[in-house]
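# Structural characterization, general
So you can see what is in the structure, the chains are spelled out below.
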Amino acid sequence: MKRRVAVTGIGMISPYGVGREINWSSLLAGKTAYGELDFPEKYGIPFHTGGKLTCFEPEKYISQRKLLKYMNREMQMSVVTALEAASDSGLAVKEVPPESIGIYLGTGITSVEIEEILSIAGNSTRDGRMDLERFGSNALPKCDPLLSFKTLLNMPACFISILLGIRGQNLVFNSFGGQVLQSISEAFLDIESGQLESAIAGGVDAKVSFTGFMTLKSFGLINQNASASKPFGTHRKGMIVSEGGACLMLENLENAQRRKAKVYAELIGASTENDLDSGFIPRKPLYLVNTLNSALNKAGLKPGEIDCILSGACSDPCGDAAEAAAITEVFGSNNPQVCSVKGYTGDFIAGAGTFDLAGSALMLNEQTIPPGFDPAEIDTDLNLNLAGRNLQKKKIDTVLCTAFSGGNPKTCFILRRCP
C-alpha cells in the first residue's frame, strides 16, 4: 500500500531574504526581487540587471562555522534552506533513527569566483600563452587546497548530513530546473514506497556572478530589460537571472499527523518527460502535454479537478507559447487559473522549480494565489486564464506546478490541500 506524503517544512531563499515568511509575504505584495547590479568595473561584465541576495550572513544559520570555508555561495544557500526546512517542520531530526531520513538535493553547474579562475590562469601562462607544464608545476601548487570542496556537486548534501546527523539515502541532482525538481520527485517516491519516513529535498542556485552570467550567455536567453520580464506577456524577452531556491521537509503523512505537525500540502503526483528536441527551453508542446497527462494519471485526477497551475514560465517568447499550447491542449475548456512568480523573482535557474513548488504548497495552505500582471500586459493569443494584478483569496484544493524550462527533463507536480 502506498503511503501518503506531506510537506511539513519549507525553507526558502531569494533576493527577498532568508526564510519562508519574508519570501511568501514579498510574493503576495508583488514585490520585484531584481534590479541594477553593482559588479566591479574591472570584471567587464556586460550585464547589469539581476536578482542578488545582499547582506547574506550564513554564519547566523550555520553553527559549525569552520565548515563555511569549504563552501561556495551555492552551498551556503543550500545548507541554510535545508536547515530552515528542518526547523520549520518541527521534526526532532536527532531524535528519530538517522537512517529513516534522506537527503535529495539539486545543484546548479557549480561556479567558482573569478579571482580563483584568474589566479589559476595567470600561473599557467608562458609568454602570454597557456603552458601545461607551468599549469602542473606552477599553478596547481599555488591553487587553494579548498577549491575542490567548493566545486564538488555532492558537498551541499554532505554538509547537511553532517549538520543534522542524517544517515539515510543521499542523492544529488543537477543542473537545471527540471532535473533539480526531480530531487523532490525521488524523495516523494521513496517515502511513498516506504523506503524512508522523511526527507529533506530541494535545491538552490546562484548564477549572479561573472562565471554564472558567462555560462548562461551561451544559451542566448538572458534578458536585461526588466520591464520585459513578464511570463506569458505580450512583450516578453527572456529570463532575468536571479539567485535562490528552496528545500522542503517531506514526511509520511501518517507520521506527521501523529505528531500533530503543520501540514502545508500533500504531494499526490509527479512526472518527468525527457524532451530531446528542445534543450534549455521547450519549443514544442508535445513533451509538455505528455508530462501534464502523466502527472494527472499518477495523481488519479481529471483535468477539471485542477484548480490552479503555478507555471515555471520564464518569459521566453517560444517557451511560454509552448507551455501555453500544452496547457490548452490538456485542459481545454476546464481552463484552470494560471500564475507565475518569475516576473517578480527572476529565474533561479536550478533553484526555480523547488521555489515554485514551495510556493504551490503555500498557496494551498493559505488559500491564496499571488498577484499576476495587468491585463494590458498579457498575451491574449495564448488563451490562458492568467491571474490578475491583485492577489486572490479563494478556495484551492489542488495545484499543478510545472518546471518546463532549464534542460531536457520537463517536470511537473500535483499537490493537494490537507484539511
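Residues numbered from 1 in each chain as written. Predicted model: local features only at pLDDT ≥ 70, side-chain atom pairs only at ≥ 80, totals over all residues. Heavy atoms only, no water.

It is worth spelling out the pattern of salt bridges at this point. Tallying each qualifying case throughout the model produces 17 salt bridges. When the shortest N-O distance is used, the salt bridge between Asp205 and Lys207 registers 2.6 Å. Taken individually, Asp205 and Lys207 each receive the classification buried, so the pair is uniform in this respect. Salt bridges sharing partners connect three or more residues here, namely Arg4, Glu266 and Arg416. (Salt bridge = Lys/Arg side-chain N within 4 Å of Asp/Glu carboxyl O. Buried < 20%, exposed > 50% of the residue type's maximum accessible area, 1.4 Å probe, protein only.)

Okay, helix H11 (residues 317-331) next. For H11, spanning 15 residues, the distance from its first C-alpha to its last is 21 Å, which sits close to the expected 21 Å at 1.5 Å a residue. Residues Gly319, Asp320, Ala322, Glu323, Ala324, Ala326, Ile327, Val330 and Phe331 constitute the buried set of H11. In this structure, the buried residues of H11 make contact with helix H10 (286-299), strand E12 (308-310), strand E13 (337-339) and strand E17 (398-403). One side-chain oxygen of the residue at the start of H11 lies 3.1 Å from the amide nitrogen of Cys318, identifying that residue as Asp316. (Helix = DSSP H or I, 4+ residues; strand = E, 2+ residues; numbered from the N terminus. Expected span 1.5 Å × (residues − 1). Contact = heavy atoms within 4.5 Å. Polar contact = N/O pair within 3.5 Å; in protein donor to acceptor, adjacent residues only side chain to side chain.)

Once that is clear, we can look at the pairing of strand E1 (residues 5-14). Along E1, 10 of the 10 residues are buried, which leaves the element largely enclosed by surrounding structure. Relative to strand E2 (residues 17-18), E1 is paired through two bridges, and the arrangement is antiparallel. The residue bridging Ser14 from the neighbouring strand is Gly17, located in E2. (Pairing = 2+ DSSP bridges.)

Our next topic: the packing of helix H2 (residues 73-89) against helix H6 (residues 155-164). The N-to-C vectors of H2 and H6 enclose an angle of 40°; their axes lie 9 Å apart at closest approach. Considering the angle they form, H2 stands oblique to H6. Note that H2 runs across H6; the crossing there is right-handed. For the pair formed by H2 and H6, the contact residues are Met75, Ser78, Val79, Ala82, Leu83 and Ala86 on the first element and Met155, Pro156, Phe159, Ile160, Leu163 and Leu164 on the second. Each residue belonging to the contact of H2 with H6 can be placed in one class, and the counts come to 11 nonpolar, one polar and no charged. (Axes fitted to C-alpha atoms, helices over the stretch in contact; angles between N-to-C directions. Parallel < 35°, antiparallel > 145°, perpendicular 65-115°, else oblique. Left-handed = near helix turned anticlockwise from the far one by under 90°. Nonpolar A, V, L, I, M, F, W, Y, C, P; charged D, E, K, R; others polar.)

Turning our attention to the nonpolar core. Ile10, Ile184, Leu250 and Leu267 are the most contacted members of the largest nonpolar core, which has 48 residues in total. In terms of residues, this core owes the most to one element, helix H13 (residues 352-366), which gives eight residues. For Ile184, the residues in contact, after removing those within four places along its chain, are Ala201, Gly202, Leu248, Leu250, Leu267, Thr354, Leu357 and Phe413. Counting 32 residues, the second largest nonpolar core, distinct from the first, contains Leu68, Met77, Leu164 and Met249. (Core = buried A, V, L, I, M, F, W, Y, C linked by side-chain atoms within 4.5 Å.)

Attention now goes to the confidence of the model for the protein. Mean pLDDT over the protein works out to 87, with 92% of the residues at or above the 70 mark. Between the elements of the protein, mean pLDDT differs from a low of 68, seen in helix H3 (residues 114-122), to a high of 98, seen in E1. (pLDDT = per-residue confidence, 0-100.)

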